[in-house]
Amino acid sequence: QMEEAQNSFNKAIEITKRIYGENSPHLAKIYWRIGFHNSFNPRGAKAAEIYMNKTIELYKNIYKTENITAIVHCYSALGYLYMFQGLCVKALGYFQKAIDLLHNSPGEIHPKVLSLYIITAYVECLLGHPQSAYDRLKAVIGLVKEKMGDSVSLISLYLTFSISTW
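A few points on the structure. Throughout, a residue's number is its position along its own chain's written sequence, starting from 1. For a predicted model such as this one, the threshold for reporting local features is a pLDDT of at least 70, and the threshold for listing and counting side-chain atom pairs is 80 or more; totals across whole chains, interfaces and linings nevertheless cover every residue. Heavy atoms throughout the structure, all of them, feed into the side-chain values; hydrogens and water do not.

**Here we look at the packing of helix H2 (residues 25-39) against helix H3 (residues 45-63)**
Next, step 1: Where H2 contacts H3, the axes come no closer than 8 Å and their chain directions differ by 160°. Taken together, H2 and H3 sit at an angle that is classed as roughly antiparallel. Between H2 and H3 the crossing geometry is left-handed. In this structure, H2 contributes Pro25, Leu27, Ala28, Lys29, Tyr31, Trp32, Ile34, Gly35, Phe36, Asn38 and Ser39 to the contact, and H3 contributes Ala45, Ala47, Ala48, Tyr51, Met52, Lys54, Thr55, Leu58, Tyr59, Ile62 and Tyr63.
Next, step 2: Residue composition of the contact of H2 with H3, by class: 16 nonpolar, four polar and two charged. The angle between two axes is taken between their N-to-C directions and runs from 0 to 180 degrees, where each axis is a line fitted to C-alpha atoms and a helix contributes only its stretch in contact. Numbering of helices and strands starts at the N terminus; helices are DSSP runs of H or I of at least 4 residues and strands are runs of E of at least 2. For classification purposes, an angle smaller than 35 degrees is called roughly parallel, one larger than 145 roughly antiparallel, one from 65 to 115 roughly perpendicular, and anything else oblique. Crossing handedness is read from the near helix: turned anticlockwise from the far helix by less than a right angle, it gives a left-handed crossing, and turned clockwise, a right-handed one. Contacts are residue-level and defined by heavy atoms, with any inter-residue pair within 4.5 Å sufficient. Following the grouping adopted for this structure description, the nonpolar residues are Ala, Val, Leu, Ile, Met, Phe, Trp, Tyr, Cys and Pro, the charged ones are Asp, Glu, Lys and Arg, and the polar ones are all others, Gly among them.

Structural data, given as structure tokens:
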């Protein structure tokens, strides 16, 4: 059945390239979906990573810096993929790439960055690094207070912050 699934993926890629071209957001979405599907297969982690990285590269070529959200979603998906496999150090690296990308984007604090800080705090605790989680969350709480004041975003951050202080 794996071979049949791969043949279906290849047909989807081929048709998408024929209709939209090699350098299209449609093709990037197909790569993302294939990566996403592979992430649920215990033997599909490598394929998931390959397709997510193809998605990232294609989005970078298409959008340059205009649409970082799509790239952040790929990095986050890879982070979750490895976290669920128990590869927390590798997961943390992908979550950090997403956070760095969001921090380097102009404007207000991106809502996704807060959830990434929360998940990275949990991963840090899983790795036995509660002090890193504490420092990470303390910094982002300060940033949110500075830029957004008392906001709903602080509630989740404070709840997560409490786990790092146990």
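**Some points on the environment of Lys145**
Next, step 1: In this structure, Lys145 sits in helix H7 (residues 130-148).
Next, step 2: In this structure Lys145 comes out as partly exposed when scored by relative accessible area, which is 41%.
Next, step 3: Other than its neighbours up to four places away in sequence, Lys145 contacts Leu154 and Tyr158. Exposure is judged per residue with a 1.4 Å probe applied to protein chains only, and the accessible area is read against the type maximum: over 50% gives exposed, under 20% gives buried, and values in between give partly exposed.

**Observations regarding the pattern of salt bridges**
Next, step 1: Basic side-chain nitrogens of Lys or Arg form a salt bridge, by our definition, when they fall within 4 Å of a carboxyl oxygen of Asp or Glu. All chains considered together, the criterion is met by five salt bridges.
Next, step 2: The salt bridge involving Arg18 is made with Glu14; its shortest N-O contact spans 3.2 Å. Of the two residues, Arg18 and Glu14 are both situated in helix H1 (residues 2-20); the distance of four residues between them amounts to about one turn of the helix.
Next, step 3: Of the residues examined, Arg18 reaches a relative accessible area of 58% and is grouped as exposed.
Next, step 4: For Glu14, a relative accessible area of 46% puts it in the partly exposed group.
Next, step 5: Note that Glu22 is salt-bridged to Lys17, the shortest N-O span being 3.8 Å.
Next, step 6: The class of Glu22 is exposed, set by a relative accessible area of 54%.

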